Structures are given as structure tokens and as C-alpha cells.
Amino acid sequence: MKYARVYFDDVKVGDELPPLVKGPIQQIQLTRYAGASGDFNPIHQDDEFAKAAGMGGVFAHGMLSMGFVGQVVTDWSGPAAVRKLSVRFAGLVRLKDTITCRGRVLAKSSKDVTHLVDLEVWAENQKGERVVTGKATVVLPPRE
Amino acid sequence: MPIQINKGVIGKESPPFVVTVERGKIKEFARALGDDNPLYLDDQVGQASEWGDVVAPPTFMTTFRDGADSGAFLRELGTDISRILHGEQEFEIFRPIRPGETFVCRSKVLDVYEKTGRSGPMAFVARETSVTDATNEIVAFVRHITVVRL
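Residues numbered from 1 in each chain as written. Chains lettered and ligands numbered in written order. Predicted model: local features only at pLDDT ≥ 70, side-chain atom pairs only at ≥ 80, totals over all residues.

## What to know about the overall build of chain B
For chain B, the helix and strand inventory stands at four helices and five strands. Counting helices and strands in the order they occur from the N terminus, chain B gives β-α-α-α-α-β-β-β-β. Dimensions along the principal axes, computed over C-alpha positions, put chain B at roughly 60 × 35 × 25 Å. The burial tally for chain B puts 27% of its 150 residues in the buried class. Considering only residue pairs separated by 6 or more positions, chain B has 68% of its internal contacts joining residues 24 or more positions apart. (Helix = DSSP H or I, 4+ residues; strand = E, 2+ residues; numbered from the N terminus. Buried ≥ 20, exposed ≤ 12 C-beta atoms within 10 Å, placed from the backbone. Contact = placed C-beta atoms within 7 Å.)

Next comes the structure, spelled out in C-alpha cells:
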């Protein structure tokens, strides 16, 4: 069930998060993300500009893909649980691409009353190429 | 002829800037991601939560901009917007942020270094922004690596 509460005790190293599929990416989403984020770099809006810059055409904001990766985590942990989200942009996301975001539990640790879960997170395109790779740390509640 | 990057910017701190989180901006940002989580979008769900209000998505602090000419930094670096790519990004978040909160952001350039990759010579510009709240507590560090195609 989406947004079900996850408890620290129930999580095991190696567990996979439910995948999140986003897209196909459309120009209107890049325009909307530009307005929402304040990143108006024309390389994400103007195909001629992007070609002249040697990029072969428009591509998505890295931060849009990072937002998708954030969502695969928060759909599972809840939005307020994220303590760290760290990514490398490994490949360009193009118009019409479909992006699947995934995560896997790497480690669990507890310090006093804080229970942390480290995740490997990534996003891949429809060809299975990783376009974003990274890590996340979330704080989860214990069962009473 | 590759361009020359000005490494003199290493250690440079930008003037601090203040941001206030707007309720509508959180929702606009979540919707732009296509994320319909009710803890971002539904005020009643937010009020009933342990946070007492809606919260911002983890990457929301990317909207914290100083309003100054972002081209000025690129010019000082010796480049322009057509040559830059986003290399890496990190948010270290100590607590969720909510509408109406005001924060002070302080940015500095941590490092500038060059490497040659598959697509030729590139410069990497690492920056960090600290975000502090009204009680001067650190709420987050935002770390960012910009890649400049030389």
C-alpha cells in the first residue's frame, strides 16, 4: 500500500523499495520544473540552444531526476524521514524517456533513540542505463 | 582552444541571502515533480501530522536562490551557461522544513579541479550552502558539483 508506515524493525538489508516509474518525459514537464525550481537554463527548453551548445538537443534538469529519486524514497519512508540524499548525474534524460527509480537497503544502524537506514538509490531509463546513481539515509520509527 | 577556469574562486563566500518558504511554492514544486504525496499537498493532512503542517520535498531547497545574477558567478569562473552540466548534488537534512519558515543561506566554493573524461577536459566546481533557521540552528547543508566543459 502506498504511503504505508515502514518500521525500522521490519526492514532488512537487501530489501528493495517498490519501484517508481516516471514519464515519458515531456517538454511541458521541463518547463513546469523550470518555473517551480527557478532553473531557467535554456538548455532544458530551447532545442536550438541545446544543439548549439553541443548537447544534441534538449535534456531534462538533473534536479528533476533527483526529485524522482527522492520520491521513490519518500513514497516508502515518508517525506519527513529523509536525512540525506546524495546523487551523481550519470547520464542525460531526454524527451520521451521513461525513468524507473529504484532503491535497496544497504545498512541499518541505531544511535540512542535514532534509527537510521542507508539506501542505495538509482534511476534508469527504458534501455536500462543508469542516469542517476546515489545514496540516501532515512530515519525510521521503531515498533513499540 | 579550451577555456581557462579561474581557480581564484576557491574559498570564496557569497553574501548571505534570506528565503521564506511559501506554501504555494511547496505545492507547485511537488506537482512539477508529479509527486502527489498528501503531506506536501493537503493542508489538513499536514495539520494532523506530527509536523503540524505540510512539509517540503527533500530536494525543495534547490529553489533557494539569492535572486542575484547567476551568470555573474559563471563569468567570474570564466565560463557561461551553455558549457555547464550538473555533476553531483547532495542534501543533508537535519529536520523537515515547513511553510512560513525563514532561513539564511550561506554559500561558498569548496574546490575547483580539472579532469579529462570520455568527452574531453572538464572542470569541477564544488559548492556548499548552509541553511540556518531563525534560532541559528543548521537545518541543512546543500552540496553541489557543477561540471564545466572546457
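## With respect to the interface of chain A and chain B
Each side of the interface is counted separately: chain A has 27 residues, and chain B has 28 residues. At the level of secondary structure, the elements contributing two or more residues to the side of chain A that touches chain B comprise α1 (27–37), α3 (62–77) and β2 (82–89) of chain A. Residues of the side of chain A that touches chain B, tallied by class, amount to 13 nonpolar, nine polar and five charged. As defined by bridge partners, β2 of chain A adjoins strand β2 (residues 84–93) of chain B across five bridges and the pair is classed as antiparallel. Bridge assignment links Val87 of chain A to a residue of β2 of chain B, and that residue is Gln89 of chain B. (Nonpolar A, V, L, I, M, F, W, Y, C, P; charged D, E, K, R; others polar. Pairing = 2+ DSSP bridges.)

## What about the sheet that holds strand β1 (residues 17–20) of chain B?
To summarise the sheet geometry, strands pair through backbone hydrogen bonds and adopt either a parallel or an antiparallel arrangement. The 10 strands lie next to each other as β1(A)-β3(A)-β4(A)-β5(A)-β2(A)-β2(B)-β5(B)-β4(B)-β3(B)-β1(B), forming an open sheet whose pairing is antiparallel. Edge positions in the open sheet fall to β1 (20–22) of chain A together with β1 of chain B, since each of these has one partner strand only. The mean angle between the axes of side-by-side strands here comes to 25°, regardless of whether they run parallel or antiparallel. On the sheet, α3 of chain A packs against β1, β2, β3 (99–111), β4 (114–124) and β5 (130–139) of chain A together with β2 of chain B and is oriented at approximately 55° with respect to β3 of chain A. (Axes fitted to C-alpha atoms, helices over the stretch in contact; angles between N-to-C directions.)

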